[in-house]
Amino acid sequence: MTFDYAPAPESRASVEIASDYGLFIDGEFSPSASGSSFVTVNPATEESLSSVAEAGSADVDRAVAAARRAYDAVWGPMPGRERAKYLFRIARIIQERSRELAVLESLDNGKPIKESRDVDLPLVAAHFFYHAGWADKLEHAGYGPAPQPLGVAAQVIPWNFPLLMLAWKVAPALACGNTVVVKPAETTPLTALAFADICRQADLPPGVVNILTGAGETGRLLVEHPDVNKVAFTGSTEVGRSIMRTLAGTDKRLTLELGGKAANIVFDDAPIDEAIEGIVNGIFFNQGHVCCAGSRLLVQESVAEDVLERLKARLSTLRLGDPLDKNTDIGAINSAEQLARIDELAKSGQGEGAERWSAPCEIPERGWWFPPTVFTGVTQAHRIAREEIFGPVLSVLTFRTPDEAVQKANNTPYGLSAGIWTEKGSRILWMAQQLRAGVVWANTFNRFDPTSPFGGYKESGFGREGGLHGLGAYLKTEAAR
Ligand code: NAD
């Protein structure tokens, strides 16, 4: 049974969006040298939110030079206990401004307010708190007695968790004594620009954090800049590959967090109702715009029918619509291009003979939307079983034995995450050892914590973000010196 809910919209009053934004370089906002800019829109309404400067080569030069000056003169030499104070201050300001930032994120990205408010923002603050704690203890992190920063880090961010991915990159870089030039995604620049304002509010020395808005070309210019020491990229495998080619032969350090096609594996002894919630969270959280999404459901044949029936019943209760409504479960697709990509892959699923079922929900007239969709009758050869859809689309396959589950789960070029649902601890441990995935969740899914390293195998990239491992990506370690 489904209930009708009265709308419960979050107020936009906490957010002030300027009509235009400049680039944040050396502690100041300034227009791009060429004067060019682009518009960022609300994907739920297609309304223009703001016009944002587009950084070109002269701007990249200026930002990298500012970061270098700040590194040499201020941030690099500063004792860790002093850097920690700034990071704690940033973390506290993020908490204080979390309602504003959550609303801004939902407006620019399309994600439901209950997710930006209850997941993204608490994690953003947690990442700054966690890394503030490390800044004065790096000699105890296991990277030798006096680990040194790398210098200037170029950090390129995707649009699915704009502020959270920024936090994953900026917090460890600053804690370790590096300065940064950040390039947010072109469809979601606004929370990064709000973060620039937070840096000023925290009195962070100019040049420690620089933010360059722009599209792929800006990102390319930044990662190719000769005075950058470290590149951290989160985005598609295709762009990750091109960055790796560009950086080959240079002494720049590189971490890549790329795509995924995770298996969420449900055994017949799993607590089925909990597993249903885990499947829903695994693929429909953030409209499936999640690199570690459980986009392939592997369900044991003996319970497949039951699981699918309960899953469809549960999906029929999800509410799709206004991201600012506190009741909304499924928000908007981030862009028209992404919607077209999802649509194309979903059509290929039908074309290749899989059976499509979509939850019965009303699609708003304006904006970009895709209903929660499940494909059954999927084989491993289908594109929807192999390619990352990055949308609210689940491909269901079945298995009979644990060995078959492992083989099917690992039959992918990716290796970012996996989920296991079973009541047997021994099976969880055995499976976790067999699965070629950076993160393996057991009887849960999509859990994140700053203390826990995150990253991939194979075409999902390399390097880790978060935890002790993540610190290593921003330090010259004994072995590397
Ligand atoms: P994308 O690769 O198109 O863009 C990511 C970022 O790279 C954007 O800021 C973009 O402007 C920039 N960019 C584009 N071309 C570039 C180039 N040649 N050089 C430098 N920068 C360039 O990906 P997207 O569509 O923004 O994000 C979706 C992808 O990101 C998915 O494949 C998803 O799996 C992946 N992702 C991975 C993780 C992870 O932690 N592994 C997290 C989130 C998203």
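The preceding data block contains the structure.
Residues numbered from 1 in each chain as written. Predicted model: local features only at pLDDT ≥ 70, side-chain atom pairs only at ≥ 80, totals over all residues.

**Regarding the sheet that holds strand S5 (residues 48–53)**
Move 1: With mixed pairing, the 3 strands of this open sheet are ordered in space as S1-S5-S4. Only two strands of the sheet have a single neighbouring strand rather than two, namely strand S1 (20–21) and strand S4 (37–41).
Move 2: Direction of pairing for S1 relative to S5: parallel, over a ladder of 2 bridges. Its bridge partner lying in S5, Tyr21 is registered against Val52. (Pairing = 2+ DSSP bridges. Helix = DSSP H or I, 4+ residues; strand = E, 2+ residues; numbered from the N terminus.)

**A closer look at the nonpolar core**
Move 1: In terms of nonpolar packing, the biggest core is built from 92 residues, with Leu87 and Val181 touching the most fellow members.
Move 2: It is helix H5 (residues 162–175) that provides the largest number of residues to this core, a total of 11 residues.
Move 3: Once you skip the residues sitting within four places of it in the chain, Val181 turns out to touch Ala63, Val64, Ala67, Val152, Ala154, Asn210, Leu212 and Leu222.
Move 4: In this structure, Phe267, Ile276, Val290 and Ile384 belong to the second largest nonpolar core, which totals 63 residues. (Core = buried A, V, L, I, M, F, W, Y, C linked by C-beta atoms within 7 Å. Buried ≥ 20, exposed ≤ 12 C-beta atoms within 10 Å, placed from the backbone. Contact = placed C-beta atoms within 7 Å.)

**Some points on the site of the ligand**
Move 1: The full set close to the ligand counts 29 residues, and Gly216, Gly219, Gly235, Glu257 and Cys291 are the nearest of them.
Move 2: Residue assignment for the shell around the ligand shows that the elements contributing at least two residues are helix H7 (216–224) and helix H8 (237–247).
Move 3: Per-element accounting of the shell around the ligand gives the leading share, 4 residues, to H7.
Move 4: Grouping the amino acids of the shell around the ligand by side-chain chemistry returns 13 nonpolar, 11 polar and 5 charged. (Near = placed C-beta within 6 Å. Nonpolar A, V, L, I, M, F, W, Y, C, P; charged D, E, K, R; others polar.)

**Some thoughts on helix H3 (residues 98–109)**
Move 1: Taking 1.5 Å of rise per residue, 12 residues should cover 16 Å, and H3 covers 16 Å from first to last C-alpha, within 8% of that figure.
Move 2: Counting buried residues in H3 gives 9 out of 12 residues, a clear majority hidden from the surface.
Move 3: Buried within H3 we find Leu101, Ala102, Val103, Leu104, Glu105, Ser106, Leu107, Asp108 and Asn109.
Move 4: Here the buried face of H3 lies against S4, S5, helix H2 (80–96), helix H4 (113–135), H5 and helix H6 (190–201).
Move 5: Just downstream of H3 lies Gly110, where phi reads positive at about 95°. (Expected span 1.5 Å × (residues − 1).)

**A look at the packing of H2 against H4**
Move 1: Their axes nearest at 8 Å, the elements H2 and H4 cross at an angle of 165°. Considering their axes alone, H2 and H4 lie roughly antiparallel with respect to each other. With respect to the hand of their crossing, H2 and H4 are arranged in left-handed fashion. On H4, the residues touching Gly80, Arg83, Ala84, Leu87, Phe88, Ile90, Ala91, Ile94 and Gln95 of H2 are Val124, Ala125, Phe128, Phe129, His131, Ala132 and Ala135.
Move 2: Along the lines of polarity and charge, the residues of the contact of H2 with H4 split into 12 nonpolar, 3 polar and 1 charged. (Axes fitted to C-alpha atoms, helices over the stretch in contact; angles between N-to-C directions. Parallel < 35°, antiparallel > 145°, perpendicular 65-115°, else oblique. Left-handed = near helix turned anticlockwise from the far one by under 90°.)

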